[in-house]
Amino acid sequence: KAGVTQTPRYLIKTRGQQVTLSCSPISGHRSVSWYQQTPGQGLQFLFEYFSETQRNKGNFPGRFSGRQFSNSRSEMNVSTLELGDSALYLCASSFLAGGEVLTFGAGSRLTVL
Amino acid sequence: GESVGLHLPTLSVQEGDNSIINCAYSNSASDYFIWYKQESGKGPQFIIDIRSNMDKRQGQRVTVLLNKTVKHLSLQIAATQPGDSAVYFCAEQGFTGGGNKLTFGTGTQLKVEL
């Protein structure tokens, strides 16, 4: 079966712009989590959605937001981009929410100029 | 490929040797631990997991050891192969009202020398 699909794979934005990233989970998976990966901070949890509801949220400013649709696909949005938002954004899915192996996508590489 | 980290601890091993990657976790309440492998240009890939009621679990060529007393986790890879070269992350999950929030370690770069 298809894995976790993230689009776009690469994108370049300028400071002040906003960006929307998309994630399609594995078919049947209802939980989608988002992580930010940077050389300096490593992998950091952004948020998790399950059945269209945000279950957990990490310590990121309100410029970072997300949502999940009824088909379990998820989007995350970053508004008013800053240089420090340059990162690899990873999406992961699982069938349930809690105590399960997460399957990660290949990520969306965002560069902010 | 993607840069997954700068200044990562690096472990260099000869092909065929055993590798041991260590990880210290922070939350004594964490009850689920996972090891992930990340190759350049890819997302983290599941290797093996262990729950807090166990102290050892074995997979194919990999073994995870959990020492809750000192909050330490290790991944042992037997007969290391060139394809094992990657960055390895441990991750912990505590019960935070349910949910899949993982806290990742900083990662270790494993380099397999021929």
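Check the entry above for the structure.
We now turn to the structure provided with this report. Note that the coordinates shown come from a computational prediction; the quantities given were computed from them, not determined experimentally.

1. Considerations on the nonpolar core
- Judged by nonpolar contacts, the single largest core of 21 residues is most densely connected at Trp34, Leu46, Phe64, Met76 and Tyr89 of chain A.
- In this structure, Trp35, Leu75, Tyr88 and Val112 of chain B belong to the second largest nonpolar core, which totals 19 residues.

2. Considerations on the environment of Arg51 of chain B
Residues and elements named next belong to chain B.
- Its place among the elements puts Arg51 in strand β4 (residues 45-51).
- The partly exposed category is assigned to Arg51, whose relative accessible area is 38%.
- Measuring from C-alpha to C-alpha, the distance between Arg51 and Leu66 comes to 8.7 Å, with 15 residues separating the pair along the chain.

3. Some remarks on the state of the cysteines
All names here are of chain A.
- Under the criterion given, the structure shown has two disulfides over all chains.
- A disulfide bridge connects Cys23 with Cys91, and the sulfur atoms are separated by 1.8 Å. Across the S-S bond linking Cys23 and Cys91, the dihedral sits near -60°, which makes this disulfide left-handed. Taken as a pair, Cys23 in strand β3 (residues 19-24) and Cys91 in strand β9 (residues 87-94) lie far apart in primary sequence, 68 residues in all.

4. Regarding the pattern of salt bridges
All names here are of chain B.
- Tallied over the entire structure, the rule returns seven salt bridges over all chains.
- Across the salt bridge formed by Arg61 and Asp84, the nearest N and O atoms sit 2.9 Å from each other. One end of the pair, Arg61, is in the loop between β5 (56-58) and β6 (62-67); the other, Asp84, is in the loop between β7 (72-77) and β8 (86-94), and 23 residues separate them in sequence.
- Classification of Arg61 by relative accessible area gives partly exposed; the value is 31%.

5. A few points about the sheet that holds β3 of chain A
Residue and element names in this part refer to chain A.
- One open sheet accounts for four strands, arranged β1-β3-β8-β7; its pairing is antiparallel. Strands with a single pairing partner mark the edges of an open sheet, and in this sheet they are β1 (5-7) and β7 (64-68). On average, each strand axis in the sheet is tilted by 15° relative to the strand beside it, whichever way the strands run.
- Relative to β3, β1 is paired through three bridges, and the arrangement is antiparallel. Bridged to Gln6 within β3 is Cys23.

6. What to know about the sheet that holds β5 of chain B
Residue and element names in this part refer to chain B.
- The sheet built from four strands is open, its strands ordered β2-β7-β6-β5 with antiparallel pairing. The strands lining the two open edges of the sheet, one partner per strand, are β2 (19-24) and β5. Strand after strand, the sheet turns through a mean of 15° between neighbouring axes, direction not considered.
- Bridge count for β6 against β7 is six bridges, and the pairing is antiparallel. Across the sheet, residue Thr63 finds its bridge partner in β7, namely Gln76.

Definitions and limits used
- Throughout this description, residue numbers start from 1 for each chain and increase along the sequence as written.
- Whichever chain is written first is A, and whichever ligand is written first is 1; the rest continue in order.
- Only residues with pLDDT of at least 70 get local features here, since the model is predicted, and only at 80 or more are side-chain atom pairs given and counted; chain-wide, interface and lining totals rely on the full set of residues.
- Excluded from the side-chain calculation are hydrogens and water; included are all heavy atoms of the structure.
- Definition of nonpolar core: a set of buried residues of the types Ala, Val, Leu, Ile, Met, Phe, Trp, Tyr and Cys, connected through side-chain atoms within 4.5 Å.
- Accessibility here uses a 1.4 Å probe with only protein chains present; expressed as a share of the type maximum, an area under 20% marks a residue as buried, one over 50% as exposed, and anything in between as partly exposed.
- Secondary structure follows DSSP: runs of H or I at least 4 residues long count as helices, runs of E at least 2 residues long count as strands, and numbering of each begins at the N terminus.
- Here, two cysteine sulfur atoms that lie within 2.5 Å of each other are counted as a disulfide.
- Put simply, a salt bridge is a Lys or Arg side-chain nitrogen that is within 4 Å of an Asp or Glu carboxyl oxygen.
- Strands are treated as partners if at least two bridges between them are detected by DSSP.
- All axes here are fitted lines through C-alpha atoms, helices being fitted over the stretch that makes contact, and every angle between N-to-C directions spans 0 to 180 degrees.

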